[in-house]
Amino acid sequence: MAKQQAKQQTKQARGDHPGNERQPQSSGSSGARTESEGDAEDDHIYGLASVLYHALQGVTAARKYKEDAQRAGEEELVQFFEECRLEGTARAKQAKSLLVAFSEESDEDEDDDEDDEDEDEDT
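Every residue gets a number counted from 1 within its own chain, in the order that chain's sequence is written. A pLDDT threshold of at least 70 governs which residues receive local features in this predicted model, and a stricter bar of 80 or more applies before side-chain atom pairs are shown or counted, although totals over entire chains, interfaces and linings include all residues. Side-chain numbers come from the whole structure's heavy atoms, not from hydrogens or water.

## Things to note about the overall build of the chain
Here is step 1: Secondary structure summary: the chain contains three helices and zero strands in total.
Here is step 2: Walking the chain from its N terminus toward its C terminus, one meets helices and strands in the order α-α-α.
Here is step 3: In what follows, a contact means two residues having at least one pair of non-hydrogen atoms within 4.5 Å. For the chain, contacts bridging at least 24 residues in sequence account for 55% of all contacts bridging at least 6.
Here is step 4: As displayed, the chain has an accessible area near 9,600 Å², and 48% of this comes from carbon and sulfur atoms. The helix count covers DSSP runs of H or I at least four residues long, the strand count covers runs of E at least two residues long, and both are numbered beginning at the N terminus. The Shrake-Rupley method, run with a 1.4 Å probe, gives the accessible areas here. Residue values count only the displayed protein chains as cover.

Have a look at this one:
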């Protein structure tokens, strides 16, 4: 149930509704910012969020599998699942860091765009 809710929330965040499928957009060669570049930024944010989500799911699963292996006395598997957990944790931290940095960069770009619009209105 929770997995299905998370999947639905992800679809809603992406704007995936029946009849509203997004297609990858290529950016134009002009220096002006186009709508497709905005879509590309959204795709980057979605990609980072997706990797973060799946990394955290993997960490949770690896922790459970490690506990199961400990109960079974399978030390080789305990070590393997611990390595998976550590790698997933590192990947999640990196994805989170990139997501924050990319979001802040996007916010700065939006602020710059708003400043440009204000200047245009003044002239």
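## Remarks on the packing of aromatic side chains
Here is step 1: Only the six-membered ring of Trp is used, alongside the rings of Phe and Tyr, when aromatic pairs are assigned; centres must lie within 6.5 Å, and planes under 30 degrees apart are stacked while those over 60 apart are edge-to-face, with the rest tilted. Tallying each qualifying case throughout the model produces two aromatic pairs.
Here is step 2: Ring centres 5.5 Å apart and planes at 55° place the aromatic pair Y65 and F81 in the tilted group. Of this pair, Y65 sits in helix α2 (residues 35-72) while F81 is found in helix α3 (residues 75-122), placing the two residues 16 residues apart along the sequence.
Here is step 3: Relative to F81, the ring of F80 has its centre 5.3 Å away and its plane inclined at 65°; by these criteria the two rings are edge-to-face.
Here is step 4: Pairwise contacts between aromatic rings join Y65, F80 and F81 into one cluster.

## Points about the nonpolar core
Here is step 1: Grouped together as the largest cluster of nonpolar side chains are seven residues: L48, L52, A55, A92, A95, L99 and F102.
Here is step 2: The leading source of residues in this core is α3, at four residues. Here, nonpolar core means buried Ala, Val, Leu, Ile, Met, Phe, Trp, Tyr and Cys residues that are tied together by side-chain atoms lying within 4.5 Å of each other. Burial classification: accessible surface area is computed with a 1.4 Å probe over protein chains only, and a residue below 20% of its type maximum counts as buried, one above 50% as exposed, and the rest as partly exposed.

## Details of a negative patch on the surface
Here is step 1: A surface patch of negative charge is lined by E104, E105, D107, E108, E110 and D111.
Here is step 2: Structurally, D107 can be placed in helix α3. In this scheme, patches are assembled from residues that exceed 30% relative accessible area and form no salt bridge. Like charges are connected within 9 Å, while nonpolar side chains (Val, Leu, Ile, Met, Phe, Trp, Tyr) are connected within 5 Å. Each salt bridge in this description consists of a side-chain nitrogen of Lys or Arg and a carboxyl oxygen of Asp or Glu lying within 4 Å of one another. Asp and Glu are treated as the negative residues and Lys and Arg as the positive ones, with His and the ends of the chain left uncounted. Where a charge lies is defined by one atom per residue type, namely NZ (Lys), CZ (Arg), CG (Asp) and CD (Glu).

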